[in-house]
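Residues per chain, in single letters:
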Amino acid sequence: MSRPEHQAPPEFFYNEAEARKYTQNSRMIDIQVQMSERAIELLALPDDEPRFLLDLGCGSGLSGSVLEDQGHVWVGVDISTAMLDVAVEREVEGDLLLGDLGQGLPFRAGAFDGAVSISALQWLCNADKTSHNPTKRLYKFFSSLYACLSRTARAVFQFYPENNDQMELVTAQAMKAGFFGGVVVDYPNSTKAKKFFLVLMTGGAAPLPKALGEETDHKGVSYTGKREQMKKMRGKPLKKSRDWILEKKERRRRQGRSTRIDTKYTGRKRSGRF
Ligand SMILES: C[S@@+](CC[C@H](N)C(=O)[O-])C[C@H]1O[C@@H](n2cnc3c(N)ncnc32)[C@H](O)[C@@H]1O
């Protein structure tokens with residue numbers, strides 16, 4: 001089957017029907033969430049400090065929800081109104097902006113502590129209009145991203161490069177814009193689990209993080225298991241637990257958003273009967 005970015009421009013490909021999958025297809029949701037968790041891990045943020053982050057090509061806010069579950073405040077940018085509508089419907093906490101990454105980001109210099117992007121970057125390698133020049137669009141995007149990040153920030157992109165030339169094009173434009181870094185390939189020996197993460201740094205050259213599953217063949221190590229272990233280690237409440245819900249409600253109140261009061265029923269499992 002041909003790649004999505006060869007079928008239609010993103011603002012048309014991600015229509016209402018496609019956007020719906022991001023709330024209904026549990027397999028797809030799981031994959032996006034797992035990749036978001038790995039991208040956040042690669043951001044290497046200091047523990048237990050809320051950060052102000054960007055989600056580039058945020059879509060329905062699945063990656064944004066992972067950011068907020070980890071206590072961060074985020075702003076999402078996407079070109080598809082249908083995807084952003086789903087994000088609004090899902091009541092994500094991030095602020096959402098409709099925009100084309102290829103035209104550059106409109107944010108204040110140094111405003112963000114980091115950025116993630118899940119399954120969006122390959123779209124910028126495509127020329128959807130005669131006026132589109134992927135090299136120029138990538139450069140415009142990366143230079144505006146570099147400008148709005150702090151000088152100790154990282155930006156992590158999970159993406160699906162079509163071939164080596166595309167990977168080189170993307171990396172070259174990022175470096176030209178001022179970033180350091182490169183591509184981390186998780187599970188390089190597994191066709192199914194192999195994932196590409198472009199890890200960009202603003203604060204000078206530093207060793208790239210270690211890829212997962214390099215020495216051994218991938219035997220189904222799940223990011224989720226690892227995440228839960230890490231959360232337990234940091235003493236954070238597990239997702240959907242009472243403590244997790246109380247923390248999330250407290251965050252919403254701090255942001256001045258309408259939130260139901262806490263009661264003894266908050267977070268209690270339903271019996272299944274109504
Ligand atoms: C596969 S979806 C992933 C959405 C989200 N990151 C997630 O993990 O669920 C790719 C997203 O990239 C967005 N996108 C593609 N090209 C874009 C562009 N030029 N500017 C902004 N968003 C773009 C699409 O609209 C779509 O929502």
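Bear in mind that the values here come from a model prediction, so they are computed numbers and not experimental data.

Reading guide: rules and limits
Residues numbered from 1 in each chain as written. Predicted model: local features only at pLDDT ≥ 70, side-chain atom pairs only at ≥ 80, totals over all residues. Pairing = 2+ DSSP bridges. Helix = DSSP H or I, 4+ residues; strand = E, 2+ residues; numbered from the N terminus. Axes fitted to C-alpha atoms, helices over the stretch in contact; angles between N-to-C directions. Contact = placed C-beta atoms within 7 Å. Left-handed = near helix turned anticlockwise from the far one by under 90°. Nonpolar A, V, L, I, M, F, W, Y, C, P; charged D, E, K, R; others polar. Buried ≥ 20, exposed ≤ 12 C-beta atoms within 10 Å, placed from the backbone. Right-handed = clockwise from strand over helix to strand, strands pointing away.

Things to note about the sheet that holds strand 3 (residues 95-98)
Strand order in this open sheet of seven strands is 3-2-1-4-5-7-6, and the pairing throughout is mixed. Two strands close off the open sheet at either side, each with one partner strand: strand 3 and strand 6 (180-186). Going across the sheet, the axis of each strand differs from the next one's by a mean of 15°, ignoring polarity. The strands touched by helix 3 (residues 26-43) are strand 4 (112-118), strand 5 (149-159), strand 6 and strand 7 (195-201); relative to strand 4, the strand with the most contacts, the crossing angle is about 145°. Each of strand 4 and strand 5 touches helix 6 (residues 134-148); the most contacted strand, strand 5, lies at about 140° to it.

As for the packing of helix 2 (residues 16-24) against helix 5 (residues 81-89)
It is at 8 Å that the axes of helix 2 and helix 5 come closest, and there the two elements cross at 35°. Here the hand of the crossing between helix 2 and helix 5 comes out right-handed. Between helix 2 and helix 5, the residues in contact are Glu16, Ala19, Tyr22 and Thr23 and Ala82, Met83, Asp85 and Val86, respectively. Residue classes in the contact of helix 2 with helix 5 are distributed as five nonpolar, one polar and two charged.

Notes on the pairing of strand 2 (residues 73-78)
Across the six residues that make up strand 2, a large majority, five, are buried. As paired elements, strand 2 and strand 3 share four bridges and run parallel to each other. By the bridge assignment, Gly76 is partnered in strand 3 with Leu96.

Looking at the pairing of strand 5
Judged by how many residues are buried, strand 5 sits mostly within the fold: eight of eleven residues are covered. As judged from the six bridges shared by strand 4 and strand 5, these two strands associate in the parallel manner. Bridging across to strand 5, Ser117 finds its partner in Phe157. Read as a crossover between parallel neighbours, the route from strand 4 over helix 6 to strand 5 is right-handed. Here strand 5 runs beside strand 7; their pairing, made up of six bridges, is antiparallel. Residue pairing for strand 7: Ala155 is matched across the bridge by Leu200.

Quick word on unusual backbone geometry
Excluding glycine, residues mostly carry a negative phi; peptide bonds, for their part, are mostly trans. Positive phi, normally seen in glycine, also occurs at Ala44, with a value near 50°. Following the sequence through the fold, Ala44 ends up in the loop between helix 3 and strand 1 (52-56). In this structure Ala44 comes out as partly exposed when scored by C-beta crowding, with 13 C-beta atoms within 10 Å. At Ser119, a residue that is not glycine, the phi angle is positive and equals roughly 60°. Examined against the element boundaries, Ser119 turns out to sit in the loop between strand 4 and helix 6.

By themselves, these are just geometric observations and shouldn't be taken as functional.
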